[in-house]
Amino acid sequence: MTQTASEIASILIWGFAATAALSGVMFGAQRMGYSRLSIPFLIGTIFTGDRSAAHALGLVVYLLGGWLFAFVYYFIFASIGRAGWDLGLLIGAVHGAVLLVMLLPLLPYVHPRMASEYEGPIRGRRLQPPGFLALNYGYRTPLTTIVAHALYGLILGAMVSLT
Amino acid sequence: MDAPGDFPDVGDYAVIGNCRTAALVSNRGSVEWMCVPTFSDASIFGAILDREAGHFRVAPAGETRVTRAYIEGTNVLATTFESDHGAIRLTDCLVLPDERKPQLYAQHELLRRVECVSGEMEVEVSFAPRYDYGRKAARYAPRGKLGWQCVGCSFGAMLSSDIALAEDREHARLTGKARLKQGETRWLSFAYDEDEASVVAPLGEEADERLKSTVAWWKGWCAQCRYDGPYRNEVLRSALVLKLLNCATSGAVLAAPTTSLPEVAGGPRNWDYRYCWIRDSALVLHAFLRLGCLQEAEGFLEWLLHATRLTWQRFQVMYDLYGEVKLDERELSHLSGYRGAKPVRIGNAAHDQLQLDIYGELMATVSRYVQSGGTLDPVELGMLAGVGRHVMKLWHLPDQGIWETRRPPRMHTFSKAMCWVALDRLGRIAEKFDMPIERERIAADCDAIRAEIEEKGFDEELGSYVAYYGGKETDAALLLLARYGYREPGHPRMEGTYRYIAKVLCDNGLIHRYRDDTGFDGFAAPENAFAPCNFWAAEYLANAGHYDEAKKLFERLCGFANDVGLFAEEIGTRTGKPVGNFPQAFTHVSLISAATALFQHKTA
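## Looking at the overall build of chain A
Of the regular secondary structure elements, chain A holds 5 helices and 0 strands. Element order for chain A, N to C, with α for helix and β for strand: α-α-α-α-α. Computed over its C-alpha atoms, the radius of gyration of chain A comes to 17 Å, within 12% of the 15 Å expected for a compact globule of 163 residues. Seen through its C-alpha atoms, chain A measures out along the principal axes to roughly 55 × 30 × 30 Å. Among the 163 residues that make up chain A, the fraction classed as buried is 42%. Long-range pairs, those at least 24 residues apart, make up 66% of the contacts in chain A with a sequence separation of at least 6.

## Brief notes about the sheet that holds strand E25 (residues 529-530) of chain B
Residues and elements named next belong to chain B. Spatial ordering of the open sheet is given by E25-E26-E27, a layout of 3 strands whose pairing is antiparallel. In this open sheet, the two edge strands, each paired with only one partner strand, are E25 and strand E27 (578-579). In this sheet, strand E26 (residues 570-571) lies alongside E25 in antiparallel orientation, the contact comprising 2 bridges. For Phe530, the partnering residue across the bridge sits in E26 and is Glu570.

## Observations concerning the environment of Lys577 of chain B
Inspection of the secondary structure assignment puts Lys577 of chain B in the loop between E26 and E27. If sequence neighbours within four positions are ignored, Lys577 of chain B has contacts with Asp9, Gly11 and Gly572 of chain B.

## As for the packing of helix H12 (residues 531-543) of chain B against helix H13 (residues 547-558) of chain B
Residues and elements named next belong to chain B. As a packed pair, H12 and H13 sit with axes 7 Å apart at the nearest point and diverge in direction by 160°. Judged on the interaxial angle alone, H13 and H12 are roughly antiparallel. As for how H12 packs across H13, the hand of that crossing is left-handed. Taken together, the residues of H13 that come into contact with H12 (itself represented by Asn534, Phe535, Ala537, Ala538, Leu541 and Ala542) are Tyr547, Glu549, Ala550, Leu553, Phe554 and Leu557.

## Regarding the domain arrangement of chain B
Where the parts come together, the accessible area they lose is often given as the size of the interface. Residues and elements named next belong to chain B. We note that the domain assignment places domain 1 (10-221) and domain 2 (225-603) within chain B. On a C-alpha basis, the centres of domain 1 and domain 2 stand 34 Å from each other. Taken together, the contact pairs 28 residues of domain 1 with 35 residues of domain 2. Sorting elements by how many residues they give to the side of domain 1 that touches domain 2 places strand E1 (residues 13-17) first, with 4 residues.

## As for the interface of chain A and chain B
If you look at the interface, chain A gives 26 residues, while chain B gives 20 residues. Contributing elements (two or more residues each) for the side of chain A that touches chain B: helix H1 (3-31) and helix H2 (39-47) of chain A. For the side of chain A that touches chain B, the element with the highest residue contribution is H2 of chain A, accounting for 3 residues. Looking at the side of chain A that touches chain B residue by residue, the class counts come to 8 nonpolar, 9 polar and 9 charged.

## Comments concerning the confidence of the model for chain B
With 98% of its residues at a pLDDT of 70 or more, chain B has an overall mean of 91. Interface confidence for the predicted complex, given as ipTM, is 0.90, next to a pTM of 0.92.

Reading guide: rules and limits
Residues numbered from 1 in each chain as written. Chains lettered and ligands numbered in written order. Predicted model: local features only at pLDDT ≥ 70, side-chain atom pairs only at ≥ 80, totals over all residues. Helix = DSSP H or I, 4+ residues; strand = E, 2+ residues; numbered from the N terminus. Rg over C-alpha atoms; globule rule 2.2 N^0.38 Å. Buried ≥ 20, exposed ≤ 12 C-beta atoms within 10 Å, placed from the backbone. Contact = placed C-beta atoms within 7 Å. Pairing = 2+ DSSP bridges. Axes fitted to C-alpha atoms, helices over the stretch in contact; angles between N-to-C directions. Parallel < 35°, antiparallel > 145°, perpendicular 65-115°, else oblique. Left-handed = near helix turned anticlockwise from the far one by under 90°. Domains from an automatic or database assignment. Nonpolar A, V, L, I, M, F, W, Y, C, P; charged D, E, K, R; others polar. pLDDT = per-residue confidence, 0-100.

Next comes the structure, spelled out in structure tokens:
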């Protein structure tokens, strides 16, 4: 196996592990009543209004996204010229913060099934928007989201430094 | 708000539901009981058990005359408030989505439509959810045109309305008022989502579509019921109650959607009925089969197979909706109880009692299912054979009996007879299918049980079967011996039993399940007439050929339903009003059995 193929294989394996850990924290937070933010559900409902299908489809897209982001993290480590669990944790925390501050608040403008507080629910657009820091989905949502993404970064950072 | 202690009568409530949870709506327009996310979880509106435990009221200001009715063939409730100034109609439902439309729907949506049908009236709204059985008051955050979000809870709860609402912080509620003129309509939608983003559906025309789809769903289900006999309205109302209590996600059937509505004013017989009793469920499924609803029977058998895996081959008396076996009883001391009836209990300590009759009721239902054309796969046949072997081991043991007595076990005659029924029906099923069980042993045990009952469970002096071996007390459940084919209804021993029950247990024309002054069930407190027993008496009379007497009794009993045709567990002996957990599947299933018996004998 060439070095590049070996690196890709490790990114895929550890990217999956990191995504699984991230999902575990997010699902755990949901089940324990800490947060109602389900990124797979929000992704799935972009494609379908059927709740069950949205869960399944969203999860697949989410896992693929987790792999894709593993490559992004790898290139960030490469461009900085160093990697480690602590750097990974920092990048992951920033990733989570960007998601909360910039990406989720934009959802009502791009998500075809998300309502907005300005227009109210209309036919087909019924999902409650996340709001600032996704606080509409529970006041612990910022914490659980940042912790989950920091864990994702930590795993990838540790992996790259070891391999 | 209502004054503390100002509880409506139990019969002043009506039930709405979506086969996942249910809500009780009072004739004051107030939702005072609703548990989320399922029937058996914590209440979010619990004013029926404590006036401070949460409500959602929509009603006109001032004194009004109230009439209520379900939209025909549905569990959608319409309450009309009339005054000298006009009339307001409030229509309530828990939305059942149109499954043909791939739309996002809230997990539960309590939809309320307010229409001014004449004149001009002011309507007032008070929305005061309380989480976790009233332990925690809600706080609210405005969400622009999406309405109000309840915060401080782990789930998503949104109230949207086209009536302007404002927060009343002192009472931790949202309030609003609107003056409506004839023809004007307003909507209120309470959406609940357990652990995902809330789904807030539009009001106006779209809400009207959801209401119509809910009405259509119930009417569609009702149209499947094949019953063209007398008392059709009463039978269909009962069937609708049973369907509402049939959990769509598991197939389990709840005994009742409430807990701790007392069997007698002040308590202490206050039990949690939000579970699936094997006995009640079997009887409900028997009723569904009589009405031609095979799908519900199949759903229940699937649930049974799944739910009983943890206790196999023993059946627990009750399980939760998803087959959970630990239903430890706890008291909610922070709640006042309905009209002060303490304690309020959740969970049910009777779950691990030995009650032998459940095997008979279950096997009779399966046998009926097979007679109706249902089939059993090898796994189900193996399960039934295991149950049969278990009954052969247990039938000679004392038990707590059908009434779940909280005293040392006794040799209850009815329990023994139901063991006979279990083995008798198993023998019939074994004749039809290849089962891993010895048929000769079944027949021998049936004979042994019958011989023992005839010797020890019948009192020659009284000319009647008795409640337990060697006793003189009676038990209204013995009326069912004829229904299950243990004895012909016209047999002198059955006729004697009926006469003795009528003589000893009848008070003010209503039959009690047992004498409440002898400590039969372990309590000394008096109780009211147990409604199902009275329908059993009507059924017995019909089966015994006393048609006119049966008809008269049945019609009298139907008069004890509340204004929308619902029965509780008991009927007030002095007041004639519904008492106890409400509405009660056991009573409604008994009504259906009595009506079908009357129909069969009229036809015959």
